Amino acid sequence: MANIKEIVAQIKMDYPNPDCELVFKNSYELIVAVILSAQCTDKRVNLVTKELFKAYPTVQDLANADILAVEEIIKPCGFFRNKAKNIIAMARDVVLKHNGEIPSKKDDLKSLAGVGEKTANVVLATAFGVPAIAVDTHVFRVSNRLGLANARTVEKTQEQLEKNLNKSDWARMHFSLVLHGRYVCKAINPKCEDCHLSKNCKFYLQNHKNDAKNA
Ligand code: SF4
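Residues numbered from 1 in each chain as written. Predicted model: local features only at pLDDT ≥ 70, side-chain atom pairs only at ≥ 80, totals over all residues. Heavy atoms only, no water.

1. Quick look at the overall build of the protein
Step number 1: Tallying secondary structure elements over the protein gives 12 helices and 0 strands in all.
Step number 2: Ordered by position in the sequence, the α and β elements of the protein form the string α-α-α-α-α-α-α-α-α-α-α-α.
Step number 3: For a compact globule of 215 residues, the expected C-alpha radius of gyration is about 17 Å, and the protein comes in at 19 Å, within 12% of that figure.
Step number 4: Oriented by its inertia axes, the alpha-carbon framework of the protein measures out at about 65 × 30 × 30 Å.
Step number 5: Counting across all 215 residues of the protein, residues that qualify as buried make up 49%.
Step number 6: Taking all contacts inside the protein whose residues are at least 6 apart in sequence as the whole, residues at least 24 apart take part in 58%. (Helix = DSSP H or I, 4+ residues; strand = E, 2+ residues; numbered from the N terminus. Rg over C-alpha atoms; globule rule 2.2 N^0.38 Å. Buried < 20%, exposed > 50% of the residue type's maximum accessible area, 1.4 Å probe, protein only. Contact = heavy atoms within 4.5 Å.)

This is how it looks when you write it as structure tokens:
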């Protein structure tokens, strides 16, 4: 069993103020940016949303947008046809069913086009300060390598993280694990030699043991 207390304490020291790297000014901009970030880097999303929010500054503007014009702007994000359809449908739902306000309840968020568990959790934690731990590709990989979770699916990983971590730490752990996965614990060639978590990391200790055996 991983030493969760020590891992969390080290992560808090390494990432004292973890935050979302998406640029946004309000919950409307955040939810759009998170939908666009699927299979795309935050850096690219930030370039695209700069132009997108200039053209559609409010959720009402996006609800009335021409899909071809939106597709043209968000093309660099990939899967642009689907994403354009989803963000416009999401905006229309927000205008028609939620009085133009991005909802702050998980079920309401998940009823919007293009919004699944992960996006809903990021919006809840980031825009509304609600404890939530979103499991994206980085959180999934890093938490299972460390031993904060031991699961093969995103759903199970989320369930175990919610059980193993204090609720008050959920949001900051999400952002910290994303940053750690992005810059240190990369999918290929994790920088274990530079990582302060190695002495408690299941993946590192396992590989280290194998190295020693093979020496
Ligand atoms: S020791 Fe290596 S595998 Fe473990 S968290 Fe750090 S970078 Fe990732």
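Next comes the rest of the description.
2. What about the domain arrangement of the protein?
Step number 1: Partitioning the protein into structural domains gives domain 1 (4-17 + 134-214) and domain 2 (27-128).
Step number 2: Computed over C-alpha atoms, the centres of domain 1 and domain 2 are 29 Å apart.
Step number 3: Listed as interface residues are 8 residues of domain 1 and, on the opposing side, 8 residues of domain 2.
Step number 4: Of the roughly 540 Å² buried between domain 1 and domain 2, counting both surfaces, carbon and sulfur atoms make up 59%.
Step number 5: Among the residues domain 1 hides against domain 2, the three largest losses belong to Ala134, Gln158 and Phe175. Together they make up 56% of the total.
Step number 6: Taken together, domain 1 and domain 2 are joined by 1 salt bridge. (Domains from an automatic or database assignment. Buried area = accessible area lost by both parts, 1.4 Å probe. Salt bridge = Lys/Arg side-chain N within 4 Å of Asp/Glu carboxyl O.)

3. Looking at the packing of helix α5 (residues 67-74) against helix α6 (residues 80-97)
Step number 1: Relative orientation of the contacting elements α5 and α6 amounts to 125°, with a least axis distance of 9 Å. Our classification of the angle between α5 and α6 gives oblique. In the crossing of α5 with α6, the sense of the turn from one axis to the other is right-handed. The residues of α6 that touch α5, namely those facing Ile67, Val70, Glu71 and Ile74, are Phe80, Arg81, Lys83, Ala84, Lys85, Ile87 and Ile88.
Step number 2: Taken together, the residues of the contact of α5 with α6 break down into 7 nonpolar, no polar and 4 charged. (Axes fitted to C-alpha atoms, helices over the stretch in contact; angles between N-to-C directions. Parallel < 35°, antiparallel > 145°, perpendicular 65-115°, else oblique. Left-handed = near helix turned anticlockwise from the far one by under 90°. Nonpolar A, V, L, I, M, F, W, Y, C, P; charged D, E, K, R; others polar.)

4. Notes on the packing of helix α1 (residues 4-14) against helix α11 (residues 170-183)
Step number 1: Two numbers describe how α1 lies on α11: the axes approach to 10 Å, and their chain directions differ by 70°. Looking at the two axes, α1 sits roughly perpendicular to α11. Of the residues in α11, those touching α1 at Val8, Ile11 and Lys12 are Arg172, Met173, Ser176 and Leu177.
Step number 2: Considered class by class, the residues forming the contact of α1 with α11 number 4 nonpolar, 1 polar and 2 charged.

5. Points about the nonpolar core
Here is a general trend for soluble globular proteins: nonpolar side chains tend to be buried in one another's company.
Step number 1: Membership of the largest hydrophobic core comes to 44 residues, with the highest contact counts inside it found for Ile31, Val32, Leu36, Leu52, Leu62, Val70 and Leu109.
Step number 2: Counting only elements with at least two residues in this core, the list comes to α2 (27-36), α3 (42-55), α4 (59-63), α5, α6, α8 (117-128) and α11.
Step number 3: Looking at this core, the element that brings in the most residues is α2, giving 8 residues.
Step number 4: Lining this core are residues from two domains, each supplying at least three of them: domain 1 (4-17 + 134-214) and domain 2 (27-128).
Step number 5: Once you skip the residues sitting within four places of it in the chain, Ile31 turns out to touch Met90, Ile102, Leu109, Leu112, Val115, Thr119 and Val123. (Core = buried A, V, L, I, M, F, W, Y, C linked by side-chain atoms within 4.5 Å.)

6. Things to note about α5
Step number 1: Here α5 has its buried residues at Val70, Glu71, Ile73 and Ile74. The buried residues of α5 all sit within an arc of 165° when viewed along its axis, so they share a single face. Opposite the buried face of α5, at more than 90 degrees from it, the exposed residues are Leu68 and Glu72.
Step number 2: Summarising the contacts, the buried residues of α5 are in contact with α2, α3, α4 and α6. (Arc of directions from axis to C-beta.)

7. Considerations on the site of the ligand
Step number 1: With respect to spatial proximity, the complete set of residues near the ligand consists of Arg145, Leu146, His180, Cys185, Pro190, Cys192, Cys195, Ser198, Cys201, Phe203 and Tyr204.
Step number 2: Going through the elements one at a time, α9 (137-146) and α12 (202-214) are the ones with two or more residues in the shell around the ligand.
Step number 3: Grouping the constituent residues of the shell around the ligand by class yields 8 nonpolar, 2 polar and 1 charged. (Near = heavy atom within 4 Å.)

8. Quick notes on the pattern of salt bridges
Step number 1: A complete count under the given rule lists 11 salt bridges for this structure.
Step number 2: Across the pair Asp93 and Lys97 runs a salt bridge, and its minimum N-O distance is 3.5 Å. Here Lys97 and Asp93 lie together in helix α6, a separation of 4 residues that amounts to about one turn.
Step number 3: A relative accessible area of 17% places Asp93 in the buried class.

9. What to know about the side chain of Asp42
Step number 1: Tracing the sequence through the fold places Asp42 in helix α3.
Step number 2: For Asp42, a relative accessible area of 13% corresponds to the buried category.

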